[in-house]
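Residues per chain are reported as follows:
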Amino acid sequence: MECTINWMPSTGMGFVAETGSGHLLTMDGAPDGGGRNLAPRPMETLLAGAGGCTAYDVVLILKRGRHEVTGCEVKMQAERAPADPKVFTRIHLHFKVSGRNLPEAAVARAIELSHEKYCSATIMLAKTAEITTGFEIVAA
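Residues numbered from 1 in each chain as written. Predicted model: local features only at pLDDT ≥ 70, side-chain atom pairs only at ≥ 80, totals over all residues. Heavy atoms only, no water.

A. Focus on the pairing of strand E3 (residues 24-27). Pairing between strand E2 (residues 14-19) and E3: 4 bridges, direction antiparallel. Counted as the bridge partner of Phe15 is Met27 from E3. Following E2, the chain reverses through 4 residues before pairing antiparallel with E3; Gly22 in that reversal takes a positive phi of roughly 85°. (Pairing = 2+ DSSP bridges. Helix = DSSP H or I, 4+ residues; strand = E, 2+ residues; numbered from the N terminus.)

B. Inspection of the sheet that holds strand E1 (residues 3-8) at higher detail. As summarised here, the arrangement of the 3 strands in space is E1-E2-E3, forming an open sheet in which the pairing is antiparallel. With one partner strand each, in any of the chains shown, E1 and E3 form the two edges of the open sheet. Put simply, the sheet's adjacent strands are angled 20° from each other on average, direction ignored. (Axes fitted to C-alpha atoms, helices over the stretch in contact; angles between N-to-C directions.)

C. Spotlight on the sheet that holds strand E4 (residues 68-80). The strand order across the open sheet formed by 3 strands is E4-E5-E6, and the pairing between neighbours is mixed. Looking along the sheet, the strands with just one partner apiece sit at the ends: E4 and strand E6 (130-139). Taken pair by pair, the neighbouring strands of this sheet meet at an average axis angle of 15°, ignoring direction. Where strand E5 (residues 88-100) lies against E6, 10 bridges are found, and the strand directions are parallel. Bridge pairing in E6 places Ile91 opposite Ile131. Against the sheet, helix H2 (residues 104-118) contacts E5 and E6, and its axis sits at roughly 150° relative to E6. (Contact = heavy atoms within 4.5 Å.)

D. Structural view of unusual backbone geometry. For the bond running from Asp84 to Pro85, omega is -5°, close enough to zero to count as cis. Looking at the secondary structure, you find Pro85 in the loop between E4 and E5. The residue Arg66 is not glycine, and still its phi comes out positive at about 65°. Tracing the backbone through its elements, the reader meets Arg66 in the loop between helix H1 (42-64) and E4. On the accessibility criterion, Arg66 (74% relative accessible area) is exposed. (Buried < 20%, exposed > 50% of the residue type's maximum accessible area, 1.4 Å probe, protein only.)

E. Representation of the nonpolar core within the structure. Of all hydrophobic cores here, the largest spans 20 residues; its most connected members are Val58, Leu62, Ile91 and Val97. Listed by contribution, the elements that provide at least two residues to this core are H1, E5, H2 and helix H3 (120-125). When residues of this core are assigned to their parent elements, the largest contribution, 5 residues, is made by E5. If we ignore the near neighbours within four places in the chain, the residues touching Leu62 are His67, Val69, Val97, Ala106, Val107 and Ala110. (Core = buried A, V, L, I, M, F, W, Y, C linked by side-chain atoms within 4.5 Å.)

F. Structural view of the pattern of salt bridges. The full count for this structure, using the stated rule, is 4 salt bridges. Where Glu68 meets Arg100, a salt bridge forms, and the shortest distance between an N and an O atom there is 3.2 Å. Of the two residues, Glu68 sits in strand E4 while Arg100 sits in strand E5, which places them 32 residues apart along the sequence. For Glu68, a relative accessible area of 43% puts it in the partly exposed group. Given the relative accessible area of 47%, Arg100 is considered partly exposed. (Salt bridge = Lys/Arg side-chain N within 4 Å of Asp/Glu carboxyl O.)

G. How the structure looks around the packing of H1 against H2. In contact at an axis separation of 9 Å, H1 and H2 are set at 130° when each is read in the N-to-C sense. Taken together, the axis directions place H1 and H2 in an arrangement best described as oblique. Judged by the twist between their axes, the crossing of H1 over H2 is right-handed. Contacts between H1 and H2 pair Thr54, Asp57, Val58, Ile61 and Leu62 from the former with Ala106, Val107, Ala110, Ile111, Leu113, Ser114 and Tyr118 from the latter. Residues belonging to the contact of H1 with H2 are distributed by class as follows: 9 nonpolar, 2 polar and 1 charged. (Parallel < 35°, antiparallel > 145°, perpendicular 65-115°, else oblique. Left-handed = near helix turned anticlockwise from the far one by under 90°. Nonpolar A, V, L, I, M, F, W, Y, C, P; charged D, E, K, R; others polar.)

Shape is all these values report; function is a separate question.
What follows is the structure, given as structure tokens:
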């Protein structure tokens, strides 16, 4: 995996990342740190990536189990250490999974498998953060 980050001096503290798969992602800093608030902060991007990683797993696991999943939303709340390095110390992920006749046990198991076995991002973040999960099922 590769990624190239380029600072855009004209923006203050804006950066463009070009991923190994050829996609662009912009990031910026807060105004009090010289940024212009034009894009997500790098740590927000990290948190969003972890959410995307685990949501991907949950949907894939449910689909492979032949469950009729039609939606998956993950709301994340994170806390960071007060001093540098301001690592994540707590992350709560609340899954809202939609579908037809989704068994509660299947959704719980998909989240557990993602959290314990498949999601490299949340497993890596769990080295510094307490990660908790919750979920609800919405009938589609």
